[in-house]
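Observations on chain architecture
If you want the building blocks of each chain, they are given just below.
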Amino acid sequence: MQYEIIIAGFGGQGVLSMGKILAYSGLMEGKEVSWFPSYGPEQRGGTANVTVILSDERISSPVLNEYDIAIILNQPSLEKFEHSVKTGGILIYDGYGITHKPSRKDIRIFEIDAMNTAAQEGNAKAFNMIVLGGMLKIVPMVKMESVMAGLKKSLPERHHKLLPMNEQAILQGMELIKEVDNK
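Residues numbered from 1 in each chain as written. Predicted model: local features only at pLDDT ≥ 70, side-chain atom pairs only at ≥ 80, totals over all residues. Heavy atoms only, no water.

So, about helix α5 (residues 144–154). A turn of α-helix holds 3.6 residues, and therefore any two residues three or four places apart point the same way. Residues of α5 that are buried include every one of Met144, Ser146, Val147, Met148, Gly150 and Leu151, and no others. Contacts from the buried residues of α5 go to α1 (15–28), α4 (127–138) and α6 (163–176). (Buried < 20%, exposed > 50% of the residue type's maximum accessible area, 1.4 Å probe, protein only. Helix = DSSP H or I, 4+ residues; strand = E, 2+ residues; numbered from the N terminus. Contact = heavy atoms within 4.5 Å.)

Shown next as C-alpha cells:
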C-alpha cells in the first residue's frame, strides 16, 4: 500500500499542518513517511502545498509529478494540480472560492463544504481538520487514534485543550464529503 498525496491552497489554511498531522499519523502506525512542504516567501496568503507519501515499503523519492490523491483548497491550486492526479485517482476540493470546478472524467471527484461550515461555527481554525476528515472517510489510510496522536504531537502543549474540538471537526468532515457526478 502506498498513497501519494498533494495538499494545496493558500498559506494560513492549514495546508502544511494537515500534511504534518497525516505524516505523524502514518509514523504512529509504523509506515514509511515522506512530508515535503513547498510555500512562497509570503507564507500567509501566498500559495502553499505539501506532498505526503504514506507507504508500507521504503519510499524512493519525496518528489512527485503525479498523485493518487489531491486535496485542493483554492482556484490557483486546482488549475495547477488537477491534471497531476493519476487516472483513477481522487481529487477533493473545498468549493469556497472555486470559480471553475474540476472537469476531468477519469478521476473520482469529491466536494467538501469545509470553509463555510467552519465559518458558520465560528471556528475557522478547524477548517483543515474538516477537510482531513473528509479524505479519511473516502480513503481510511490511517486510524482515528493515530490521527489524534499525530495531532497531539504537532500541536504545542498549550493547545492540547483543542484536541476534542479537532476530533469533532474530523468527524464532521466525514459527514460532509460528497462525491461529484462527473461522468
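What follows is about the sheet that holds strand β3 (residues 47–55). An order of β2-β3-β1-β4-β5-β6-β7 is seen for the seven strands of this open sheet, with the pairing classed as mixed. Here the strands that pair on one side only, and so sit at the sheet edges, are β2 (32–39) and β7 (178–180). Across the sheet, the mean angle from the axis of one strand to that of its neighbour is 20°, orientation sign disregarded. Relative to β3, α1 is tilted by about 10°, and along the sheet it contacts β1 (2–10), β2, β3 and β4 (67–72). (Pairing = 2+ DSSP bridges. Axes fitted to C-alpha atoms, helices over the stretch in contact; angles between N-to-C directions.)

A separate point is the environment of Ser34. Position of Ser34 relative to the elements: it lies in strand β2. For Ser34, a relative accessible area of 10% corresponds to the buried category. Apart from residues no more than four positions distant in its own chain, Ser34 is found in contact with Thr51, Val52, Ile53, Ile59 and Pro62.

Here we come to the pairing of strand β6 (residues 108–112). One ladder, built from five bridges, connects strand β5 (residues 85–94) with β6; its direction is parallel. Opposite Leu91, over in β6, you have Ile109 as the bridge partner. Of the pairings in the sheet, the one linking β6 to β7 comprises three bridges and is antiparallel in character. Its bridge partner being in β7, Phe110 is matched across the sheet by Glu179.

Further remarks concern the packing of α1 against α4. It is the contact of α1 with α4, at a shortest axis distance of 10 Å, that shows an interaxial angle of 45°. In terms of their interaxial angle, α1 and α4 are classed as oblique. Note that α1 runs across α4; the crossing there is right-handed. Across the interface between the two elements, Ser17, Met18, Ile21 and Leu22 from α1 touch Asn128, Met129, Val131, Leu132 and Met135 from α4. In the contact of α1 with α4, the residues fall into seven nonpolar, two polar and no charged. (Parallel < 35°, antiparallel > 145°, perpendicular 65-115°, else oblique. Left-handed = near helix turned anticlockwise from the far one by under 90°. Nonpolar A, V, L, I, M, F, W, Y, C, P; charged D, E, K, R; others polar.)

This paragraph deals with the nonpolar core. Nonpolar side chains in soluble globular proteins tend to end up buried together. One finds Leu22, Ile69, Ile71, Ile92, Leu132, Met135 and Met141 to be the most contacted residues of the largest nonpolar core, which totals 38 residues. In terms of residue count, the dominant contributor to this core is α4 (eight residues). Judged by nonpolar contacts, the second largest core, of 16 residues, contains Ile59, Leu64, Leu91 and Ile107. (Core = buried A, V, L, I, M, F, W, Y, C linked by side-chain atoms within 4.5 Å.)

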